[in-house]
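Remarks on the overall topology
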Amino acid sequence: MTTSATTASAVSVRDLRKNYGAVEATRGVSFDIFPGEIVGMVGDNGAGKSTLTKMIAGDVAPSSGEIRIGGTLVQSSSTTWARDHGVEMVYQDLALCDNLDICANIFLGREITQRAFIGHWKLSHDTMMAKAQNLLNMLEVKLPNLREPVTALSGGQRQMVAIARSVAYEPKLVIMDEPTAALSVSAGQPVLDLIRRLPQRNVAILLISHRLSDVLTTADRILVLRRGKIAAAVRASEIDEAELLRLMAGINVPNED
């Protein structure tokens, strides 16, 4: 994926800081992610990844700095605001409802309704089913009957349902939090293949993972977060796992403080 100087960023972060008392969780983080781009983010536990992504997703209010989504300045630390303006997050625990089927999980919180009679509405199950199947077809995701409860799915299939839900309403940015952490290497491959197809929909992806091989083979660029700051920004094609580990450990990183 290539970008030009005239391409508007899907998300722009400038000098973003978050303090918890005397603790600096993030210390002046700045970066851009462009439509159709997959950016990986790596760092040891405590590097600030979770705080940073929660600020972008509206879960946590920054202490200072700014976030722009599609050029719009974020003025409210609210997950509803972030979602309404095109930010979706696929959490590590997936946030699926086990008692609901695949189709219902894809439309969870955004159900389609139709008029039943004056003053009353009902769920439009047929419409949601058709739209869900069309979405999965476009994403090249094969799942069993969409009326199957998600409890009947494998871990990889459940992850793909969560990802499909995240792109159902044409978001500008999807944040992936450890999408393969609970999966074996073989089960994780279809999930990574799906993530690699998402830029075709002009969506930007922020991929957080401790599996460096996943990030190296999936991302266009990689941001290395260390002690609350961007320690390095590299092209995935120009670095290997050993060098990435050195950057994460702070080896050969100048002016870290």
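Before going further, it helps to spend a moment on the pattern of salt bridges. Scanning the model with the defined rule gives ten salt bridges in all. When the shortest N-O distance is used, the salt bridge between Arg 68 and Glu 66 registers 3.1 Å. A relative accessible area of 30% means that Arg 68 is categorised as partly exposed. Owing to a relative accessible area of 28%, Glu 66 belongs among the partly exposed residues under this scheme. With a closest N to O distance of 3.3 Å, Arg 147 and Asp 101 form a salt bridge. You can see Arg 147 sitting in the loop between α4 (125–138) and α5 (155–167) and its partner Asp 101 sitting in the loop between β6 (87–90) and α3 (102–106), a full 46 residues away along the chain. For Arg 147, a relative accessible area of 38% gives the class partly exposed. Look at the salt bridges and you will find they share partners, linking Arg 83, Glu 88 and Arg 110 into a network.

Let us look at the environment of Leu 108. For Leu 108, the position within the fold is in the loop between α3 and β7 (113–117). You can call Leu 108 partly exposed: its relative accessible area is 25%. When the C-alpha positions of Leu 108 and Leu 73 are compared, they lie 27 Å apart, and in sequence the two are 35 residues distant. Beyond its immediate stretch of four places on either side in the chain, Leu 108 contacts Arg 83, Ala 95, Cys 97, Leu 100 and Arg 165.

Parameters at a glance
Residues numbered from 1 in each chain as written. Predicted model: local features only at pLDDT ≥ 70, side-chain atom pairs only at ≥ 80, totals over all residues. Heavy atoms only, no water. Salt bridge = Lys/Arg side-chain N within 4 Å of Asp/Glu carboxyl O. Buried < 20%, exposed > 50% of the residue type's maximum accessible area, 1.4 Å probe, protein only. Helix = DSSP H or I, 4+ residues; strand = E, 2+ residues; numbered from the N terminus. Contact = heavy atoms within 4.5 Å.

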